[in-house]
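Geometric and topological summary
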Amino acid sequence: MKQTLLDLMRMSRICRMVLATCLGSFILVIFYFQSMFQPVMRRNPFAAEGCCRKGSRNALQELYNPTQAEFSAAAVLHQARRDQVADTCRAYSASSRKRRVLTPSDLKHLVVDEEHELIYCYVPKVACTNWKRVMMVLSGRGKYSDPMEIPSNEAHVPSNLKTLNQYSIPDINHRLKSYLKFLFVREPFERLVSAYRNKFTLRYNTSFHKRYGTKILRRYRKNATTEALQSGADVKFQEFAEYLVDPGTQREAPLNEHWQTVYSLCHPCHIHYDLVGKGWRLLALPNVRKIHSYHRPNGSHVFQQHQLSAARPALPTLQTGLSNVQLLYSQLPKTVVDTHMQLRTRSELVQQG
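Here we summarise the structure given alongside this text. (Residues numbered from 1 in each chain as written. Predicted model: local features only at pLDDT ≥ 70, side-chain atom pairs only at ≥ 80, totals over all residues. Heavy atoms only, no water.)

Let's talk about the state of the cysteines
Linking two cysteines covalently through their sulfur atoms gives a disulfide. Under the criterion given, the structure shown has two disulfides. The residue that forms a disulfide with cysteine 89 is cysteine 269, at a sulfur-sulfur distance of 2.0 Å. A torsion of -90 degrees about the S-S bond marks the disulfide between cysteine 89 and cysteine 269 as left-handed. Separated by 180 residues along the polypeptide, cysteine 89 in helix H3 (residues 72-95) and cysteine 269 in the loop between helix H12 (262-266) and strand S5 (275-278) bring together distant segments of the chain. Residue classification places cysteine 89 among the buried residues on the basis of a relative accessible area of 6%. Taking the relative accessible area as the measure of exposure, cysteine 269 reaches 23% and is therefore partly exposed. The disulfide bridge from cysteine 121 ends at cysteine 266, spanning 2.0 Å between sulfur atoms. Here the disulfide of cysteine 121 and cysteine 266 is left-handed, its torsion about the S-S bond being about -90 degrees. Highlighted residues: cysteine 121 in strand S2 (residues 118-121) and cysteine 266 in helix H12, separated in sequence by 145 residues. Among the residues examined, cysteine 266 registers a relative accessible area of 0% and is labelled buried. Here the cysteine-cysteine linkages of the protein chain are recorded as 1-4, 2-3, numbering only bonded cysteines and doing so in sequence order. (Disulfide = S-S within 2.5 Å. Helix = DSSP H or I, 4+ residues; strand = E, 2+ residues; numbered from the N terminus. Buried < 20%, exposed > 50% of the residue type's maximum accessible area, 1.4 Å probe, protein only.)

See below:
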């Protein structure tokens, strides 16, 4: 009788453990599916919890919930852009079977400013030299005070800026969650024309002529001269365009960053960018020559508002010229144009909105 009671008690304990395990698993499944169906990219990171010391506001809070009325319209605009990116990413995710997880090597274009909790994804040919200069001033701890005094070649020295791929995975996840992340984009076809002109029509870019120009001429120019094949300095836009749409180009190596898509450089479907700016509109703004105050959580300023010296040259324009872009593309075969349209409009998701 005693043994029977012990057996019953043991069975009862096992049943309770099984029941508790099943209940816990059921709760986890519920939370999992809630997180799967919740629109993560639309979530306001400050709707339910704060991130800063009492009485202070950081850049993320000011972006999502501005305290100054003049920034309210900008907040609405950037929310609309975030929603457009999220909707487009979901649409392409639903139509594609490929699911990719980012690795640290994918994050080498994301520049980190620890002091002000900023992450900037730089895109070549979208004023990235000047934005890198600004990031050097922000993170330089007094080494630099004026971005326009920094030589352009120094802005591209890797050791002058810290990128996200240099952190451990836990530190990467923390910064992606809590820092303000931003990037600037440009009309994709205009950006390609700008890259072509800068890298293949200027004499001083001999490294690009040798590395890419000679390869392009060998493949796509019939009866190329020996001099052209050796120098690579006479690449036509049509030859450059054919090189980009050739499936063999991507098979042999990733595209150079100057003509790689924004989607591949900054991963907007994997990383929730808080701010997406359009580079070709920067110089149309009335206060583009001013650097405005940005309040840090402790109340001090990163930049005091000031007018850039009139003696300095104006910032280089981003506008290549729509008529020039149309002229160059009008000279391409229709098949090449159609392939460019398919590749660029499908991948440049952050251009929407």
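Thoughts on the environment of histidine 78
Considering the arrangement of structural elements, one finds histidine 78 in helix H3. Look at histidine 78 and you get buried, because its relative accessible area is 11%. Note: C-alpha distance between histidine 78 and valine 276 (198 residues apart in sequence) is 6.9 Å. Excluding anything up to four places from it in sequence, histidine 78 contacts Leu63, Asp274, Leu275 and Val276. (Contact = heavy atoms within 4.5 Å.)

Remarks on the packing of aromatic side chains
For the structure on display, the rule yields 15 aromatic pairs. Measuring from ring centre to ring centre gives 5.7 Å for tryptophan 131 and phenylalanine 182, while their planes differ by 65 degrees; the resulting arrangement is edge-to-face. Taken together, the positions of tryptophan 131 in helix H4 (residues 128-139) and phenylalanine 182 in strand S4 (residues 180-185) put the pair 51 residues apart, joining distant regions of the chain. In this structure an aromatic cluster arises from ring pairing among Tyr196, Phe200, Phe208, Tyr212, Phe237, Phe240 and Trp259. Its end group placed over the ring of tyrosine 122, lysine 132 keeps NZ or CZ at 3.7 Å from the ring centre. Taking the ring centre of tyrosine 167 as reference, the NZ or CZ of lysine 162 above it sits at 4.5 Å. (Phe/Tyr/Trp six-rings, centres within 6.5 Å; stacked < 30°, edge-to-face > 60°. Lys NZ or Arg CZ within 6 Å of the ring centre and 35° of its normal.)

Here we look at the pattern of salt bridges
Counted under the stated rule, the structure contains ten salt bridges. With its nearest N and O atoms 2.9 Å apart, the salt bridge here joins glutamate 114 to arginine 175. Of the two residues, glutamate 114 sits in the loop between strand S1 (110-113) and S2 while arginine 175 sits in helix H6 (residues 169-178), which places them 61 residues apart along the sequence. By relative accessible area, which is 11% here, arginine 175 ends up buried. In this structure, arginine 186 engages glutamate 190 in a salt bridge whose closest nitrogen and oxygen atoms are separated by 3.2 Å. Each member of the pair arginine 186 and glutamate 190 is classed as buried. (Salt bridge = Lys/Arg side-chain N within 4 Å of Asp/Glu carboxyl O.)

Concerning the pairing of S2
Here S2 shows two buried faces, one formed by Leu118 and Tyr120 and the other by Ile119 and Cys121. Relative to S2, S1 is paired through four bridges, and the arrangement is antiparallel. The residue of S2 that forms the bridge with valine 112 is isoleucine 119. Remark: four residues form the turn of the hairpin made by S1 and S2, two consecutive strands paired antiparallel; glutamate 117 in that turn has positive phi of roughly 55 degrees. The pairing of S2 with S4 spans four bridges and is parallel. In the sheet register, cysteine 121 faces S4, and the bridge partner there is leucine 183. (Pairing = 2+ DSSP bridges.)

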